[in-house]
Amino acid sequence: MDEKLISKKELLRLTGISYGQLYRWKRKNLIPEEWFIRKSTYTGQETFFPKQKILDRIDKIKRMKDDLSLDEIAERLSPNLTKVMLPVEEIIKRNIVSKGVWNLFADEWTEAKTLHFEEILRLYVVARTLKTGNVSLEEARRVWSMLEAHASHIREQKGELWIIRKMGIAISLLTDSVQELHIEADAKVVVRLSLAQCAEELKISMMDGGM
Amino acid sequence: MDRKEHRDFVVAGRASTAGGEFDRVSIQGDGHVDGDLTCTELKCHGKSHITGNVKASDVKVYGSTRIDGRVESEELRVRGHAEIGGHLSCRQMEAEGMLHVGGPVTAEEVTLEGQLNVKEDVEAESFSAKGVFTIDGLLNAGQIVVQLYGDCRAKEIGGEKIEVRKKGFSFWFKPFSHHLEVDMIEGDEVHLENTRANVVRGNRVIIGPGCEIGLVEYHDHFHRDHSAKVKESKKL
């Protein structure tokens, strides 16, 4: 991480906000938890922030503060991404899904040029399985239709996707919840993905480009 | 939640269920819920163990209850003994008995008259304690009022208004008076008594009797009681 950091003390001095405001904004989730970076200094533990990000964010909050409540600001700063729709060019530009993967399934949407979160997530999961290099295009297509047939897994972002291969033949499984799954000795798990985790990753990559 | 749709779950002796959705859940004997529980009201008078998450409008614990997962409720009142494994989030929380939380606590209003132990952060708009607490993370609240009825501890405290007072007249037993131990306190208005802290920072800082502070950094105002120990103070 070569980002420039700013100490809490310096931040308050530069922006003129008080400790109380900073803590209040943290409470209201206006400032992401991961921006609070703890470091040891000679006076003990100190908190640092990524400089540019926090200065931009505080500037934003100060400007919105007069017209909006803190809850409304929180909603604007980290919108509920499951309601977001994204144009295809944007999805490819942000490298959420590569052009190659998109082309594989593009004929599914002959008209639609803007996709819902659920659709993007389905694409993303398939792209992830292809990325492992252990899955052929044909197998990825079958995963795709399985996810389509069991749409609730994607909608509720639950369960896991497994692909197991034995002697060149692959079987995909979609499970609700897995404590443990035992497979025979010469079979191999080539893909294991949690849908909730994929959704989380997808949200992060959607946020990065949008903020 | 629709009251009509779900049945009640009442235990007056000993019973188990696999969880699910209920209207009222009342456990007066020994109840075991193996899974998640969603209900309008959860009342535990006896002994109960819930292995999953709880979602309710109202949770009251008079007996002894262990919930392994998360708890999400409008109100939570503990008069007996409660143990929550995961994240506790509620609007109003009252602990008059003993409450252990393994995850973080998020609430609007926290009133403590018993004992509270939290393994992670506590976030609230108002936090008022007349009891004993141990918070392993950050206590972050708009208004913090602590009256020391025992030894309290938090890693860090931050907020707008922070007030720590020793209980009533304790000049008889001065050596045994109770203390708050904390690494760092940061707030707009800070008024402390009987507090041991490495660093205290704020706009207006008053260090009262019984305090031992390493460093005070202040903006507008600093007052120190003659009996308080302050190693170093700096105006910013």
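Residues numbered from 1 in each chain as written. Chains lettered and ligands numbered in written order. Predicted model: local features only at pLDDT ≥ 70, side-chain atom pairs only at ≥ 80, totals over all residues. Heavy atoms only, no water.

Caption draft 1: Up close: the environment of R7 of chain B. Residues and elements named next belong to chain B. As for its position among the elements, R7 is in the segment before strand 1 (9-11). Along the primary structure R7 and F22 are separated by 15 residues, whereas in three dimensions their C-alpha atoms are 5.3 Å apart. In contact with R7, not counting residues within four places along its chain, are F22, D23 and R24. (Helix = DSSP H or I, 4+ residues; strand = E, 2+ residues; numbered from the N terminus. Contact = heavy atoms within 4.5 Å.)

Caption draft 2: Layout of the domain arrangement of chain A. Partitioning chain A into domains gives domain 1 (5-77) and domain 2 (85-208). Placing the centre of domain 1 of chain A and that of domain 2 of chain A at their C-alpha centroids yields a distance of 36 Å. (Domains from an automatic or database assignment.)

Caption draft 3: Here's a closer look at the side chain of T47 of chain A. Tracing the chain through its elements places T47 of chain A in strand 3 (residues 44-50). Polar contacts involving the side chain of T47 of chain A include one to the side chain of R38 of chain A, which spans 2.4 Å. (Polar contact = N/O pair within 3.5 Å; in protein donor to acceptor, adjacent residues only side chain to side chain.)

Caption draft 4: Structural view of the interface of chain A and chain B. Taken together, the contact between chain A and chain B spans 14 residues of the former and 22 residues of the latter. Across the chain A/chain B interface, buried area totals approximately 1600 Å², and carbon plus sulfur atoms make up 41% of it. When the buried area of chain A at its contact with chain B is split by residue, Y19, Y23 and R27 of chain A rank highest and sum to 45% of it. Taken together, the links from chain A to chain B amount to seven salt bridges. Between chain A and chain B we count 14 residue pairs in polar contact (both at pLDDT 80 or more) in total. Where the side of chain A that touches chain B is concerned, the elements lending two or more residues are helix 1 (8-15) and helix 2 (19-27) of chain A. Among the elements that make up the side of chain A that touches chain B, the one with the highest residue count is helix 2 of chain A (seven residues). A breakdown of the residues in the side of chain A that touches chain B according to their chemical character gives two nonpolar, four polar and eight charged. (Buried area = accessible area lost by both parts, 1.4 Å probe. Salt bridge = Lys/Arg side-chain N within 4 Å of Asp/Glu carboxyl O. Nonpolar A, V, L, I, M, F, W, Y, C, P; charged D, E, K, R; others polar.)

Caption draft 5: Structural detail: the state of the cysteines. All names here are of chain B. Applying the stated criterion to the full structure yields zero disulfides over all chains. Cysteine C211 remains unbridged, with the sulfur of C152 as its closest cysteine sulfur at 14 Å. Judged by its relative accessible area of 2%, C211 is buried. (Disulfide = S-S within 2.5 Å. Buried < 20%, exposed > 50% of the residue type's maximum accessible area, 1.4 Å probe, protein only.)

Caption draft 6: Region of the structure containing the confidence of the model for chain A. Mean pLDDT over chain A: 84, with 92% of residues reaching 70 or higher. Taken element by element, chain A is modelled with least confidence in helix 10 (residues 195-210) of chain A, mean pLDDT 76, and with most confidence in helix 2 of chain A, mean pLDDT 93. (pLDDT = per-residue confidence, 0-100.)

Caption draft 7: Broad picture of the sheet that holds strand 1 (residues 5-7) of chain A. Residue and element names in this part refer to chain A. Pairing within the open sheet is antiparallel, and its three strands lie in the order 1-3-2. Strands at the two margins of the open sheet, each flanked by one partner only, are strand 1 and strand 2 (37-41). Each strand axis lies, on average, 45° off the axis of its neighbour in the sheet, ignoring direction. Two strands pair when backbone bridges link them, and strand 2 and strand 3 are joined in this way by five bridges, in the antiparallel orientation. In the strand pairing of strand 3, K39 is matched with E46. (Pairing = 2+ DSSP bridges. Axes fitted to C-alpha atoms, helices over the stretch in contact; angles between N-to-C directions.)

Caption draft 8: Up close: the pattern of salt bridges. For the structure shown, the criterion picks out 36 salt bridges over all chains. We note a salt bridge from K26 of chain A to E33 of chain A, for which the minimum N-O separation is 3.2 Å. Accessibility expressed as a relative area gives 45% for E33 of chain A, which makes it partly exposed. Where K119 of chain B meets D136 of chain B, a salt bridge forms, and the shortest distance between an N and an O atom there is 3.5 Å. Taken together, the positions of K119 of chain B in the loop between strand 15 (115-118) and strand 16 (122-129) and D136 of chain B in strand 17 (residues 132-148) put the pair 17 residues apart, joining distant regions of the chain. Residue K119 of chain B is classed as exposed on the basis of its relative accessible area, which comes to 56%. One network of salt bridges, with partners in common, ties together K8, K9 and E46 of chain A together with E186, R201, E217 and K234 of chain B.

Caption draft 9: Here's a closer look at the packing of aromatic side chains. Residues and elements named next belong to chain A. The full count for this structure, using the stated rule, is five aromatic pairs over all chains. Aromatic pair F105 and W144: ring centres 4.4 Å apart, planes at 25°, arrangement stacked. Note that F105 is positioned in helix 6 (residues 99-105) and W144 in helix 8 (residues 137-149), a separation of 39 residues in sequence. Among the residues examined, F105 registers a relative accessible area of 2% and is labelled buried. Above the plane of the ring of F48 lies K39, whose end atom (NZ or CZ) is 5.8 Å from the centre. Against the face of W144 rests R122, its NZ or CZ located 4.3 Å from the ring centre. (Phe/Tyr/Trp six-rings, centres within 6.5 Å; stacked < 30°, edge-to-face > 60°. Lys NZ or Arg CZ within 6 Å of the ring centre and 35° of its normal.)

Caption draft 10: Representation of the nonpolar core within the structure. Residues and elements named next belong to chain B. Counting residues in each nonpolar core, the largest one holds 64 residues, and the members touching the most others are L88, M93, L99, F127 and F133. In terms of residue count, strand 17 provides more of this core than any other element does, seven residues in total. F127 has contacts with V110, L116, V122, F133, I135, L139, A141, Q143, I144 and V145, leaving out every residue within four places of it along the chain. (Core = buried A, V, L, I, M, F, W, Y, C linked by side-chain atoms within 4.5 Å.)

Caption draft 11: Just the sheet that holds strand 7 (residues 169-175) of chain A, in detail. Residues and elements named next belong to chain A. Taken in spatial order, the three strands make up an open sheet running 7-6-8, and their pairing is antiparallel. Whereas interior strands pair on both sides, the edge strands pair on one side only; in this sheet they are strand 7 and strand 8 (188-194). Adjacent strand axes in the sheet meet at a mean angle of 15° when their direction is disregarded. Relative to strand 8, strand 6 (residues 160-166) is paired through six bridges, and the arrangement is antiparallel. When the sheet's bridge partners are listed, W162 is paired in strand 8 with R192. Of the strands in this sheet, strand 6 and strand 8 are in contact with helix 7 (residues 117-131), which crosses strand 8 at around 150°. The strands touched by helix 8 are strand 6 and strand 7; relative to strand 7, the strand with the most contacts, the crossing angle is about 25°.

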